[in-house]
Every structure is written in C-alpha cells, then in structure tokens.
Amino acid sequence: KRIILILEQEFNLANGLKAILEKEGYRVITDFNLPHPSELGDAAKPDLIIININVPKKFGLNILRKVKENFPGIPLIAMSVYSHSFSKNEISRLGVDDLIAKPFEVERLKKTVEELIIRKR
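Along each chain, residues carry numbers from 1 onward, in the same order as the chain's sequence is written. The predicted origin of the model limits local features to residues at a pLDDT of at least 70 and limits the giving and counting of side-chain atom pairs to 80 or more, whereas totals for whole chains, interfaces and linings rest on all residues. Note that the side-chain values use all heavy atoms of the structure and ignore hydrogens as well as water.

Trainee: What exactly am I supposed to notice about the overall build of the chain here?
Mentor: A tally of regular secondary structure across the chain gives four helices and five strands. The secondary structure listing takes helices from DSSP runs of H or I that are at least 4 residues long and strands from runs of E that are at least 2 residues long, numbered from the N terminus. Counting from the amino terminus, the chain carries its helices and strands in the arrangement β-α-β-β-α-β-α-β-α. The cut-offs for exposure are 20% and 50% of the maximum accessible area for each residue type, with area from a 1.4 Å probe on protein chains only; residues under the lower value are buried, those over the upper are exposed, and the others partly exposed. Sorting the 121 residues of the chain into buried and exposed places 47% on the buried side. Residues count as neighbours in contact if any of their non-hydrogen atoms are within 4.5 Å of one another. In the chain, of all internal contacts separated by at least 6 residues, the share reaching a separation of at least 24 is 65%. For every accessible area listed, the method is Shrake-Rupley and the probe measures 1.4 Å; residues are considered covered only by the protein chains on display. With the model as given, the accessible surface of the chain reaches about 6700 Å², and the carbon-plus-sulfur share is 49%.

Put into structure tokens, the structure is as follows:
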C-alpha cells in the first residue's frame, strides 16, 4: 500500500482526509505535531505528504521547508484557506507540487493524490 502522511493540526479535518484516502486504498499516517516534523524521520517513508499551511504564513512556510528537508523527493500537497495569498512562483520555489484551497473538493484531492503518486513511480 502507498503511504500518505498528513500533517494537519485540525483533528477533524485530519481524520476526514484519512477516511477519504483510506477508502481509496492508501495507508494514511496523521500527525498533529506540526512544530516538530523532524521527529517523523523514523516513521515509514511516505509516498506523498499533505500539509496544512494555514498556520501563520511564516511559521507554515518554515514547517514546509523542514518537511522538504526531511523527505526530499517526496511529492507534497499544501492545503490552505489562504491559498490566494501564495503565488505560483512562491509555491514552486518551496517545492510544493500542488496547492489545494480549503475547503477542498474531494474529487480534486483524490485525483491530485493519484496523479502525484503515479508520477513518483
């Protein structure tokens, strides 16, 4: 099974994402400890990461950079209520493969996850 790591501080949203993706056949790991993603290094290596960057922008971007350092080459989806405040250049420079606005469309999320995992193979 492909592994998806969800870094999301909102418990209900993380569990909702987990349920959606597990129905699609993925193994999903959730983590609510956003300030310390480096502790995830010993976890199973994910095939894809979904991260909430809704926290204050500077803090969210620092977490994003730390995740990219700990999991180089892993496709990354960032989610944000404030997706309009990020330029495509900024997101691309940070190594994000896709930015999904909250609230999100379930079908778009599933399609994006599938495409990024297929591309990684």
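Trainee: Explanation requested: the nonpolar core in the structure shown.
Mentor: Burial of nonpolar side chains together is a common tendency in soluble globular proteins. By convention a nonpolar core is built from buried Ala, Val, Leu, Ile, Met, Phe, Trp, Tyr and Cys residues, the set being connected through side-chain atoms within 4.5 Å. Residues I4, L21, L48, I50, I77, F104 and V113 are the most contacted members of the largest nonpolar core, which totals 18 residues. Contributing elements (two or more residues each) for this core: β1 (3-7), α1 (11-23), β3 (48-52), β4 (76-80) and α4 (106-120). Residues in contact with I77, not counting those within four places in the same chain, are L48, I49, I50, I51, D98, I100, T112, V113 and L116. Listed in part, the 17 residues of the second largest apolar core include L5, I49, A78 and I91.

Trainee: Just checking my understanding: could you explain α4 for this structure?
Mentor: At 3.6 residues per turn, the α-helix brings residues three or four places apart onto the same side. The span expected for a helix works out to 1.5 Å for each residue beyond the first. In this model, α4 (15 residues) spans 21 Å end to end at C-alpha, consistent with the 21 Å of a helix rising 1.5 Å per residue. Looking only at α4, the buried set comprises L109, K110, T112, V113, L116 and I117. Buried residues in α4, looked at end-on, bunch into an arc of 165°, giving them a common side. Every exposed residue of α4 that faces more than 90 degrees away from the buried side is listed here: E107, K111 and R119. Note that the arc is defined by the directions from the helix axis to the C-beta atoms.

Trainee: What should I look at first to understand the pairing of β4 in this one?
Mentor: In summary, the side chains of a regular strand alternate between the two faces of the sheet. For β4, the tally of buried residues reaches five of five residues, placing the bulk of the element in the interior. Alternating positions in β4 separate into two faces, L76, A78 and S80 on one and I77 and M79 on the other, with burial throughout. Strand direction decides the pairing type here: β3 and β4, joined by four bridges, are parallel. Counted as the bridge partner of I49 is L76 from β4. Looking at chain direction, β4 and strand β5 (residues 98-101) are connected through four bridges and run parallel. Of the residues in β5, the one forming a bridge with S80 is A101. Pairing between two strands requires that DSSP report at least two bridges joining them.

Trainee: What is the right way to look at the pairing of β3 in this model?
Mentor: The buried fraction of β3 amounts to five of the five residues, a majority that puts the element mostly inside the structure. Covered by surrounding structure in β3 are L48, I50 and N52 together with I49 and I51, the residues of both alternating faces.

Trainee: Mind showing me how you'd approach the side chain of K102 here?
Mentor: Here K102 shows up in the loop between β5 and α4. You can call K102 buried: its relative accessible area is 11%. Think of a polar contact as two N or O atoms within 3.5 Å of one another; within protein, one of them needs to be a possible hydrogen donor and the other a possible acceptor, and neighboring residues in sequence only count if both atoms come from side chains. At a separation of 3.1 Å, a polar atom in the side chain of K102 contacts the side chain of E8. Excluding residues within four positions of it along the chain, K102 makes contact with E8, E10, L13, N52, N54, M79, S80 and V81.

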